[in-house]
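Examining the three-dimensional arrangement
Single-letter residue listing:
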Amino acid sequence: MKTNAINRQWLLARRPSGMVRETDFQRVDVALPVANLPAGEILVRNVMLGFDPAQRGWMDDAPGYMPPMEIGVPVRGSAAAWVVASENPDYPVGALVRGLFGWQDYAVANRRDDAPPMRVPAGLSPEQALGLFGGASLTAYIGLLEVGRLREGDRVLVSGAAGAVGSMAVQIARLKGAHVIGIAGGPEKCRWLTAEYGADAAIDYKSENVADRLAALCPQGIDLFFDNVGGAILEAGIANLALFGRIVLCGAISGYNDVTPSPGPRNLMNLVRQRAVMRGFILLDHLDQAPAAMAELGQWVGEGRIRHRDDIQVGFENVPQTFLRLFRGENRGKQLLRIDESQ
Ligand SMILES: NC(=O)c1ccc[n+]([C@@H]2O[C@H](COP(=O)([O-])OP(=O)(O)OC[C@H]3O[C@@H](n4cnc5c(N)ncnc54)[C@H](OP(=O)(O)O)[C@@H]3O)[C@@H](O)[C@H]2O)c1
């Protein structure tokens, strides 16, 4: 490690109002975080950043499952990193870890952090740690099986289906014997859903009436709806629920950049008529399930039964624009960024 190294950072310059913009962030150089680490702490060097739509919510000054990000500090976000200095025997120098290390080159981390660093299992690369075996895949697995109580033969609907969480949810549901309809934006993503991820049908919400197509594709109704999008798409799913249907609320990306939340859904009475349940969840509450999920995912991967797509951008200067890709539908799979070309 260079002792005179600088730490490049992207700070939250101001809270976004409406659609997040590159000017909401500020690029600065600072000295390395610490010269002498206190006992228990580690210094990590980020190699790969992972982007999650939830980061947009953390930028608002609003109550949430995590405290709002502070203005003037590096943007909170996940990363895969090498331990470069350690005062903690659980994280030796040279180990690959992942955690919420933020938009910067170096971070000091500690087991006492809200989200403590996790050792990456041997043999996994930084992109596998954040992508195929990262939080999005765990979210899909746990959201479907633990929260949604997926059953063989269920008719399953997944929105945001071509994205990081959604594409895994489609495949896991198929592997567990469900019939799956995916909703995504545009013909290219809809083609992936049926040709690559094995969905039985795909709906392009940008060019089709989702409620009408659902009614035609699945006249018996949807047993389990895994919703990443909210808004009008959630309404269309509620309108097409089967008796005793279940809705798992994973996210609501269609509203993350709204200045004021839209009212709705307008048809909640359909939950009453269909004796349906709707339940939200946050992955962080279910991390005890992560080893079992990783094991089964690993088995499917080893058998070649899971396809995974990472969208890897390159270069620290491109961090904000890479984040914005999520809200423009530009990401082609799990959105990652390799900090330096040479790493
Ligand atoms: N509950 C949890 O613990 C948890 C954990 C991780 C993620 N999540 C949630 O899971 C969802 C998916 O996250 P991800 O990481 O997998 O992202 P992603 O789906 O890989 O990327 C975001 C995608 O959302 C779609 N999108 C963007 N703006 C939209 C809009 N206004 N209306 C409809 N679709 C829009 C775009 O796809 P199209 O081109 O198809 O529009 C875009 O590619 C998010 O809601 C996220 O917050 C929840």
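If you check the shell around the ligand, you find 26 residues, and the closest are Val 165, Lys 189, Tyr 205, Leu 283 and Asn 331. Within the backbone of Val 165, an N or O atom sits 2.8 Å from an oxygen atom of the ligand. In this structure, Lys 189 approaches the ligand through a side-chain N or O atom, which is 2.6 Å from an oxygen atom. Across the complex, the protein chains shield 90% of the 920 Å² of accessible surface that the ligand would expose by itself. Viewed by domain, the shell around the ligand spans two of them, domain 1 (6-131 + 308-338) and domain 2 (135-284), each represented by three or more residues.

Moving on, we get to the layout of surface pockets. Its boundaries defined by the atoms lining it, the second largest pocket holds a volume of some 600 Å³. If you go around the second largest pocket, you meet 21 residues; those closest to its centre are Val 73, Pro 74, Arg 76, Leu 100 and Phe 101. Of the residues assigned to the lining of the second largest pocket, the class counts are 15 nonpolar, two polar and four charged.

With that settled, consider the sheet that holds strand β13 (residues 277-280). What the six strands build is an open sheet, ordered β10-β9-β8-β11-β12-β13; its pairing is parallel. Looking at which strands have only one partner, the edges of the open sheet turn out to be β10 (201-204) and β13. Neighbour to neighbour, the strand axes of the sheet diverge by 15 degrees on average, direction disregarded. Here strand β11 (residues 222-227) runs beside strand β12 (residues 241-249); their pairing, made up of five bridges, is parallel. Of the residues in β12, the one forming a bridge with Leu 224 is Arg 246. Sheet strands in contact with helix α4 (residues 164-175) are β8 (155-158), β9 (179-184) and β11, and its direction is about 170 degrees off that of β8.

Parameters and conventions
- Residues numbered from 1 in each chain as written.
- Predicted model: local features only at pLDDT ≥ 70, side-chain atom pairs only at ≥ 80, totals over all residues.
- Heavy atoms only, no water.
- Near = heavy atom within 4 Å.
- Polar contact = N/O pair within 3.5 Å; in protein donor to acceptor, adjacent residues only side chain to side chain.
- Areas by Shrake-Rupley, 256 points an atom, 1.4 Å probe, with all protein chains shown as cover.
- Domains from an automatic or database assignment.
- 1 Å grid on protein atoms, 1.4 Å probe; cavity = no way out; pocket = protein on both sides within 12 Å on 5 of 7 lines; lining within 4 Å.
- Points joined across faces, edges and corners; volume = space filled by probe spheres on them.
- Nonpolar A, V, L, I, M, F, W, Y, C, P; charged D, E, K, R; others polar.
- Pairing = 2+ DSSP bridges.
- Helix = DSSP H or I, 4+ residues; strand = E, 2+ residues; numbered from the N terminus.
- Axes fitted to C-alpha atoms, helices over the stretch in contact; angles between N-to-C directions.
- Contact = heavy atoms within 4.5 Å.

Worth remembering: the numbers are spatial, not functional.
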